[in-house]
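Chain by chain, the residues run as shown.
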Amino acid sequence: MAILLAVGYLAFHALVWEAESRYGQPILPLLLFINASLIPEKQTDLTLSKPRSRTFLLSGTLLIAVLVFAVWSKPLLSSKKMLVAGQRSQLSLQYKAKPTWISKNTTISQTVVLNHAATKLSISAPQKTHLYAQLVSIDDHRSYALIHKGSTLILHQKLASGKYKIVLTNKSTNQQKVELVSTQKFKLTPHPLVINQQHFKYRSLIYDFSYHV
């Protein structure tokens, strides 16, 4: 029963939900229990029950090990990018951050320091929202415009290491939605979120800078 539970749990995350390493941690106590448990053997036929029970236990353990390897290695094998800097605290793509409405002529900015070169910037943004987004280099004052694709603001640009500022502006006449993360006295990033010159050190955009090989 424990083996079936473990196999079902891993198969669900590997095939249906998503494959991330943190989903393998809750199953470690169950794997220890399976290894430590002994299947009762019938005394009527000791010569047949021992090999069968051992084969069943070894086969189940091997199957679980293969599924664990598949869950943990899938992000590594499928990923072709290196994360340079980011703030993705909404845990996973299934849990959508609650959008925040901002009024017209509102500007949101956040400073990010890159310790390595990057080639792509992605910022989570609600679909059908109209925001003017740009990345400004604080070092050389260059600015790069982002484009809106689906639920992401994207910039494909070779960026040198240095200090940058993400700037989102609502230039429309209506309120627009933006994805922000807020916490209770817990800093998500070294630099605060700035909304119309007002600093919020416990709030942040949802973004990541990556370097594609």
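Residues numbered from 1 in each chain as written. Predicted model: local features only at pLDDT ≥ 70, side-chain atom pairs only at ≥ 80, totals over all residues. Heavy atoms only, no water.

A.B. asks: Quick rundown of the nonpolar core? Include the residues and the values.
C.D. replies: Note on soluble globular proteins: their nonpolar side chains tend to be buried together. With 27 residues, the main nonpolar core has Leu121, Leu135, Ile166, Leu205 and Phe209 as its most contacted residues. Those elements giving two or more residues to this core turn out to be strand S3 (107-114), strand S4 (118-124), strand S5 (132-137), strand S8 (152-159), strand S9 (162-169), strand S10 (176-182), strand S11 (193-195) and strand S14 (207-212). Here isoleucine 166 is in contact with Ile108, Ser109, Gln110, Val112, Leu121, Ile123, Gln134, Leu135, Leu205, Tyr207 and Phe209, once residues within four sequence places are set aside. If you look at the next biggest cluster of nonpolar residues, it comprises seven residues, including Ile3, Ala6, Leu10 and Leu31. (Core = buried A, V, L, I, M, F, W, Y, C linked by side-chain atoms within 4.5 Å. Buried < 20%, exposed > 50% of the residue type's maximum accessible area, 1.4 Å probe, protein only. Helix = DSSP H or I, 4+ residues; strand = E, 2+ residues; numbered from the N terminus. Contact = heavy atoms within 4.5 Å.)

A.B. asks: Any details on the sheet that holds strand S1 (residues 81-87)? Residues and values, ideally.
C.D. replies: Sheet architecture is open: five strands sit in the order S1-S14-S4-S8-S7, paired in antiparallel fashion. Bordering the open sheet on either side are S1 and strand S7 (147-149), each of which pairs with just one other strand. Direction aside, neighbouring strands of the sheet carry axes that sit 25° apart on average. Bridge analysis of S4 against S8 gives six bridges, and the strand direction is antiparallel. Residue pairing in the sheet places alanine 118 in a bridge with leucine 159 of S8. (Pairing = 2+ DSSP bridges. Axes fitted to C-alpha atoms, helices over the stretch in contact; angles between N-to-C directions.)

A.B. asks: Give me the pattern of salt bridges: which residues, what numbers.
C.D. replies: Going through the model one piece at a time under the given rule, you end up with two salt bridges. Across the salt bridge formed by arginine 88 and aspartate 208, the nearest N and O atoms sit 3.6 Å from each other. Highlighted residues: arginine 88 in the loop between S1 and strand S2 (99-102) and aspartate 208 in strand S14, separated in sequence by 120 residues. Look at aspartate 208 and you get buried, because its relative accessible area is 8%. Aspartate 140 is the partner of arginine 142 in a salt bridge, and the nearest nitrogen-oxygen pair spans 3.9 Å. Classification of aspartate 140 as partly exposed rests on a relative accessible area of 40%. (Salt bridge = Lys/Arg side-chain N within 4 Å of Asp/Glu carboxyl O.)

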